[in-house]
Amino acid sequence: MKVAGADVWKGQWIVVVLEDGHFDRAFVAPTIEAAIGNLPDATGIGVDIPIGLPDPGCRRPADELARSYVGARRQSVFMTPCLSLLRSPSLGEANQFAKAEGWDGISAQAYALGKLILQVQPVAERDARVVEIHPEVSFVRANQDVPLQWSKSTWGGTFLRRRILQDHGIVIPDDIGAAGAAGVADVLDAAIGGWSAARIASGHGESLPPGADRIGAIWR
């Protein structure tokens, strides 16, 4: 079985492909459409981007549950904003509008990803292979539900995540071609996205919230 995980890197996508649970290849794509187009034989594709926006002024249960699940790394899970905030002309205007409405504001990270969030949504709606994952959630699940001690940006966090992947048979080689230009954390996040995609494709995936539809949930 071939699956893939995709993570955003500098406005592009770093993709790690797994075959039968082991590293197969990695590549960089300029758009999510290009990434999907390069995966015709993949059974599942785990994407690190919100899929399914909340109603105005509401929070997604998936985000709140994911924050609780990852423990100390809860700040790595941002609250998915509603469509009107993503479409605001600027971050400042988005937060002014949210304040006036009595809603939660939007983080700089979420606002910066707005265009990509809106690009992924229609792709996921027409391609049932595409599921939303969150790398920190997936790493905790792969670590037997034990939250990770170190942030992914730290030395300890890098090697902890590599060890977790290796414990599941995913060994990323030193040379991954042109994809080697991507950030270390982004490659590891894409790889664990592939691990979750394999679980989902084989019927062992779990959703937050439990029993949720494909879109609007975070899968692990």
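Per chain, residue numbering runs from 1 following the sequence as it is written. Side-chain atom pairs in this predicted model are given and counted only at pLDDT of 80 or more, local residue features only at pLDDT of at least 70, and totals for whole chains, interfaces and linings cover all residues. The side-chain values count all of the structure's non-hydrogen atoms but skip hydrogen atoms and water molecules.

Undergrad: Please clarify how the pairing of strand E1 (residues 2-9) should be interpreted in this entry.
TA: Consecutive residues of a regular strand have side chains that alternate between opposite faces of the sheet. Counting buried residues in E1 gives eight out of eight residues, a clear majority hidden from the surface. At least two bridges found by DSSP between two strands are what make those strands a pair. To qualify as a helix, a DSSP run of H or I must reach at least 4 residues; to qualify as a strand, a run of E must reach at least 2; elements of each kind are numbered from the N terminus. In this sheet, strand E2 (residues 12-19) lies alongside E1 in antiparallel orientation, the contact comprising eight bridges. If you follow Val 3 over to E2, its bridge partner there is Leu 18. When E1 meets strand E4 (residues 44-47), the two strands line up parallel, connected through four bridges. Its bridge partner being in E4, Val 3 is matched across the sheet by Gly 44. Burial here depends on accessible area, computed with a 1.4 Å probe over protein chains only, as a share of the maximum for the residue type. Under 20% is buried, over 50% is exposed, and the range in between is partly exposed.

Undergrad: Looking at this structure, I do not really get helix H9 (residues 184-201). What am I missing?
TA: One full turn of an α-helix is made of 3.6 residues, so residues set three or four places apart face in the same direction. The span you would expect from a helix comes to 1.5 Å times its residue count less one. With 18 residues, H9 should reach 26 Å at 1.5 Å per residue; the first-to-last C-alpha distance of 26 Å fits that figure. The element H9 is extensively covered by neighbouring structure, given that 14 of its 18 residues are classed as buried.

Undergrad: Which parts of the structure should I look at to understand the nonpolar core?
TA: Across soluble globular proteins, you tend to see nonpolar side chains buried next to one another. With 35 residues, the main nonpolar core has Val 16, Leu 165 and Ile 172 as its most contacted residues. If you list the elements that add at least two residues to this core, you get E1, E2, strand E3 (22-29), helix H2 (61-70), helix H7 (135-142), helix H8 (155-167) and H9. Looking at this core element by element, the count peaks at eight residues for H9. Once residues lying within four places of it in the same chain are set aside, the contact partners of Ile 172 are Phe 23, Arg 162, Leu 165, Val 187, Leu 188 and Ala 191. We call a set of buried Ala, Val, Leu, Ile, Met, Phe, Trp, Tyr and Cys residues a nonpolar core when their side-chain atoms join them within 4.5 Å. Core analysis: the second largest hydrophobic core is formed by 32 residues, Trp 13, Ile 32, Leu 86 and Ala 124 among them. Contacts are residue-level and defined by heavy atoms, with any inter-residue pair within 4.5 Å sufficient.

Undergrad: Even after reading the chapter, I still don't get H8, so can you show me in this structure?
TA: With 13 residues, H8 should reach 18 Å at 1.5 Å per residue; the first-to-last C-alpha distance of 19 Å fits that figure. Of the residues making up H8, those classed as buried are Gly 157, Thr 158, Leu 160, Arg 161, Ile 164 and Leu 165. As for H8, its buried residues are in contact with H7 and H9. Of the residues flanking the end of H8, it is Gly 169, one or two places downstream, whose phi is positive at about 85 degrees.

Undergrad: Looking at this structure, I do not really get the pattern of salt bridges. What am I missing?
TA: Pairs can form between side chains of opposite charge whenever their charged atoms are close. Definition used for salt bridges: Asp or Glu carboxyl oxygen within 4 Å of a side-chain nitrogen of Lys or Arg. In this structure the tally under the stated criterion is 15 salt bridges. Arg 60 is the salt-bridge partner of Asp 63, the closest N and O atoms lying 2.8 Å from each other. For the pair formed by Asp 63 and Arg 60, the shared burial category is buried. Two residues, Glu 206 and Arg 220, come together in a salt bridge whose shortest N-O distance is 3.4 Å. Placement of the pair is Glu 206 in the loop between H9 and strand E6 (207-208) and Arg 220 in the segment after strand E7 (218-219), with a sequence separation of 14 residues. Here Glu 206 falls in the partly exposed class, since its relative accessible area comes to 26%. Note on Arg 220: relative accessible area 13%, which makes it buried.

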